[in-house]
Amino acid sequence: MKVVNLKQAILQAWKERWSDYQWAINMKKFFPKGATWDILNLAEALLEQAMIGPSPNPLILSYLKYAISSQMVSYSSVLTAISKFDDFSRDLCVQALLDIMDMFCDRLSCHGKAEECIGLCRALLSALHWLLRCTAASAERLREGLEAGTPAAGEKQLAMCLLRLEKTLSSTKNRALLHIAKLEEASSWTAIEHSLLKLGETLASLSNPQLRSQAEQCGTLIRSIPTMLAVHSEQLHKTGYPTVHAVVLLEGTMNLTGETQPLVEQLMMVKRMQHIPTPLFVLEIWKACFVGLIESPEGTEELKWTAFTFLKIPQVLVKLKKYCHGDKDFTEDVSCAFEFLLKLTPLLDKADQRCNCDCTKFLLQECSKQGLLSEASVTNLMAKRSADREHAPQLKSGENANIQPNPGLILRAEPTVTNILKTMDADHSKSPEGLLGVLGHMLSGKSLDLLLAAAAATGKLKSFARKFINLNEFTTHGNEELAKAASVRALLFDISFLMLCHVAQTYGSEVILSESSTGAQVPFFETWMQTCMPEEGKILNPDHPCFWPDSTKVESLVALLNNSSEMKLVQMKWHEACLSISAAILEILNAWENGVLAFESIQKITDNIKGKVCSLAVCAVAWLVAHVRMLGLDEREKSLQMIRQLAGPLYSENTLQFYNERVVIMSSILEHMCADVLQQTATQIKFPSTGVDTMPYWNLLPPKRPIKEVLTDMFAKVLEKGWVDSRSIHIFDTLLHMGGVYWFCNNLIKELLKETRKEHTQRAVELLYSIFCLDMQQVTLVLLGHILPGLLTDSSKWHSLMDPPGTALAKLAVWCALSSYSSHKGQASSRQKKRHREDIEDYISLFPLDDMQPSKLMRLLSSNEEDANILSSPTDRSMSSSLSASQLHTVNMRDPLNRVLANLFLLISSILGSRTAGPHTQFVQWFMEECVDCLEQGSRGSILQFMPFTTVSELVKVSAMSSPKVVLAITDLSLSLGRQVAAKAIAAL
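As a starting point, this report considers the structure included with it. (Residues numbered from 1 in each chain as written. Predicted model: local features only at pLDDT ≥ 70, side-chain atom pairs only at ≥ 80, totals over all residues. Heavy atoms only, no water.)

1. With respect to the packing of helix 37 (residues 776–793) against helix 43 (residues 896–913)
Closest axis-to-axis distance for the helix 37/helix 43 pair is 10 Å, and the angle between their directions is 20°. Regarding the angle of helix 37 to helix 43, the classification is roughly parallel. Between helix 37 and helix 43 the crossing geometry is left-handed. Of the residues in helix 43, those in contact with Gln777, Thr780, Leu781, Leu784, Gly785, Leu788, Pro789, Leu792 and Thr793 of helix 37 are Pro896, Leu897, Val900, Leu901, Leu904, Leu907 and Ile911. Among the residues making up the contact of helix 37 with helix 43, the classes are represented as 12 nonpolar, four polar and no charged. (Axes fitted to C-alpha atoms, helices over the stretch in contact; angles between N-to-C directions. Helix = DSSP H or I, 4+ residues; strand = E, 2+ residues; numbered from the N terminus. Parallel < 35°, antiparallel > 145°, perpendicular 65-115°, else oblique. Left-handed = near helix turned anticlockwise from the far one by under 90°. Contact = heavy atoms within 4.5 Å. Nonpolar A, V, L, I, M, F, W, Y, C, P; charged D, E, K, R; others polar.)

2. Examining unusual backbone geometry
Residues other than glycine predominantly adopt negative phi, and peptide bonds predominantly adopt the trans conformation. With omega at 5°, the peptide bond leading from Asp803 into Pro804 counts as cis. Along the chain, Pro804 falls in the loop between helix 37 and helix 38 (805–823). Of note in the backbone geometry, His275 takes a positive phi value of approximately 50° without being a glycine. Examined against the element boundaries, His275 turns out to sit in the loop between helix 13 (260–273) and helix 14 (278–295). Of note, the phi angle at Asn356 is positive, near 60°, even though the residue is not glycine. Looking at the secondary structure, you find Asn356 in the loop between helix 17 (345–355) and helix 18 (359–369).

3. Considerations on the packing of helix 15 (residues 300–323) against helix 23 (residues 447–457)
As a packed pair, helix 15 and helix 23 sit with axes 9 Å apart at the nearest point and diverge in direction by 40°. By the criterion of interaxial angle, the relationship of helix 15 to helix 23 is oblique. By crossing handedness, the relation of helix 15 to helix 23 is classed as right-handed. Of the residues in helix 23, those in contact with Thr300, Leu303, Lys304, Ala307, Phe308, Leu311 and Lys312 of helix 15 are Asp449, Leu450, Ala453, Ala454 and Ala457. Classifying every residue of the contact of helix 15 with helix 23 by side-chain character gives eight nonpolar, one polar and three charged.

4. Some points on helix 24 (residues 461–474)
Residue pairs three or four apart in sequence face the same way in an α-helix, which turns once every 3.6 residues. In this model, helix 24 (14 residues) spans 20 Å end to end at C-alpha, consistent with the 20 Å of a helix rising 1.5 Å per residue. Where helix 24 is concerned, the buried positions are Leu461, Phe464, Ala465, Lys467, Phe468, Ile469, Leu471 and Asn472. On the buried face of helix 24, the contacting elements are helix 21 (406–425), helix 22 (432–443), helix 23, helix 25 (483–507) and helix 26 (524–532). (Expected span 1.5 Å × (residues − 1). Buried < 20%, exposed > 50% of the residue type's maximum accessible area, 1.4 Å probe, protein only.)

5. Digging into the packing of aromatic side chains
Tallied over the entire structure, the rule returns 18 aromatic pairs. Ring centres of Trp286 and Phe338 lie 5.4 Å apart, and the angle between their planes is 35°; this geometry places the pair in the tilted category. Here Phe338 lies in helix 16 (residues 327–342) and Trp286 lies in helix 14, a separation of 52 residues in the sequence. With a relative accessible area of 0%, Trp286 lands in the buried category. Centre to centre, the rings of Phe497 and Trp528 are 5.0 Å apart; their planes meet at 55°, and the pair counts as tilted. Within this pair, whereas Phe497 is found in helix 25, its partner Trp528 is found in helix 26, the two being separated by 31 residues in sequence. Overall, Phe497 belongs to the buried group, its relative accessible area being 0%. (Phe/Tyr/Trp six-rings, centres within 6.5 Å; stacked < 30°, edge-to-face > 60°.)

6. Details of the state of the cysteines
Scanning all chains against the criterion turns up zero disulfides. In this structure Cys110 is a free cysteine whose sulfur lies 3.7 Å from that of Cys117, the closest cysteine sulfur available. Note on Cys110: relative accessible area 15%, which makes it buried. (Disulfide = S-S within 2.5 Å.)

7. Some remarks on the pattern of salt bridges
Counting across every chain of the model gives 28 salt bridges. Of the charged contacts, one joins Lys287 and Glu284 as a salt bridge, the two residues approaching to 3.5 Å between their closest N and O atoms. With a gap of three residues between them, Lys287 and Glu284 both fall in helix 14, about one helical turn apart. A salt bridge links Asp713 to Arg705; its shortest N-O distance comes to 2.5 Å. Taking relative accessible area as the criterion, Arg705 reaches 33% and is therefore assigned partly exposed. (Salt bridge = Lys/Arg side-chain N within 4 Å of Asp/Glu carboxyl O.)

Listed below in structure tokens is the structure:
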């Protein structure tokens, strides 16, 4: 008999009562090869015929079960067919369908093409919706049955539905497939959420607690599907987090002027990567602040730390609050952190002793002002600290009675900064004397440093500097003025000049420079600072045209300095004098060296230079420093003697107002300027002492020791101690400058790979990450672009990648990659701008853009016994072995970091696909595990977008990585291709 269609074949089988295997044999005869059973809709046709009567047809159902068991039909076609049945009043039919689902719902799989796997995801979503509707219908019938007094039947069916729901959802694999289906079909997911709400309402009226709890459990599982990647366990077994500590110390020591946002993002990145609970995270920030306060050198550094702790960190916490969930929770976490902090009595006592006040009280008040703590918490915490302080060791009252505590001064200085900025906005020509009074007051004692620290910590230093540049510019010209007005103008010029020099030396010249606007005239001070002012790492040319202005101006200045008893002030163009002084000094030096001028004349000239305005002396010394560098050993004496003459104050009655205060600032500026040259020429110059070391972090390296030894010793000390202090941060920074990024990174990684104890390697990673924060971008390029590929492609180095150092290096590499990738779209911080940037061309030659031309790295791989092209699995030959999500997102591959990441993932893909296993394969597994562990859910900009899609199928073969959650985490589910790759990998598990 020739069968025309499927329906006839099924009916014939039923009429002739074929057994299931007989049916299968005959079906294959009727339908020759070509079309698959799924295309013919066999599962749907069988179900349709089986479900015609009030009860299901057992023979036709047996055919369907046989087709499922012998894989004639796919799971997705069966699930789709089941989800089309909607007559829930036919109990026996529903029961039969639930039994069929029972056969396979907890072991779904698909080994076909990616489209078929996506089909399975969609079918499972439909089946879930069907199960929810079925459960809701059963619950409704049970409620009606209860009212009618016949509950038994409805209760049995509801229990069966809930059991299948639980069985389907308890499988992580099924939830992962549903996660993909939700992204494929958002509308279907909305329908599921709607059904879930409806089911909840119906079940709320049921009295059976067991069924209700079972339904709640299923509801929780369904709601967890969209966020199944977001769950991370927090580290509760640790109490110290050296990375947070070091990041805060680094920022407080080196980057007070930096914006708060990058610091907040960096801290949040560390919190996420290390899964730190919020209270311990906030506690670690406070601990670092107190340690910084205690160990900061006296003077400017101490004030910087005070401003950082009491003004900047509360602002940082306000921003952190937005990242952490919920206002209420965060205030509780901050309160909890303070509870922990109060237990660290010795730390707080030492800080109180150093600052001569109750530091905790000031902090609590600031946090309360910013809305970080409730009034009740503040009162409670203050009471506890007051009780503790009664037992604290006190200084003798005489010693500290007159010292005003810095925290109080800093907090008072902050509103003063705002007032000064307002005063500076006024028209300077209207009341220059009043302005001079304000500035004079700023110069007394440590007022200037207090105000600058407060301005730096609150982000106002740039506008502060701008106002002084404008004032300085205003005072460069005097038109028809009287003697009094001339002296006020000279003072305003001098004070603004000295203040700006001091700001540039204390906080970096970036604070002074304006945003370059084309066509606008550059102010005098900016021009002078960029071309004439000596700074660390900046070599000046004494023959530069900037030092050689108009010769007539120079001659008149030399005559003025040499002939008059003191400097004239009226109609003096101070900016011209400052630019001419270098040439004038050269004339005077030549005259002295050739015997034309005696030493007494030189003394008179130097007294004239520094007698009225100190800024002339600063400009003269700036040129002399550049000049001395160019002289031979026997030619330097007179130049150095002249610096000595200019550095000392003038003891005379006839100086202008605020002379002593100005000299103090001048001495500090000159000491900074001369430091390098004095060290190189082994000369000593006594600068007027203020009793405080003005350059506490200068020249920290021990003499006559190789820098590699210094680096390894320093790292060993830090590792033993378990945290980085500000002195060691400065030493590491100097070594990074001296040795360069590759040398620095390579030697520290070698130290890490020498460690053999697990707890030591973990601590080393946390500390290394924080040390690398000195220049994270460049270190990451070197680590991922040079050091790791070198270790992974050289079999003689594989042994060094064994556990524990190998695991530690994988963790460090991922942390650096994530940090750099998340921040490299932003701006480099001011401390990183000073450093030489690696040339982008280096990375383009190492990793060429043209994919036809194999990069140096890929040539390395292909020479390694295997062709680098055999990366893809045979089923995916159509997909390029290097196609990754980043290409579909059109990420800019001219960016060095993007290139390095793309090539690293190509290398990883090649290692996974190669036939040689070893420690390098294990390393790749650790690297990927750490990537998954640190990922946030839905982070479409993550480093894993550079991983070729073909790597997923290779990774799943590694037992530790063969979990549905891992597959979801490593694929970019925002892309259709990413979802297909994930569905295929999960369905095959």
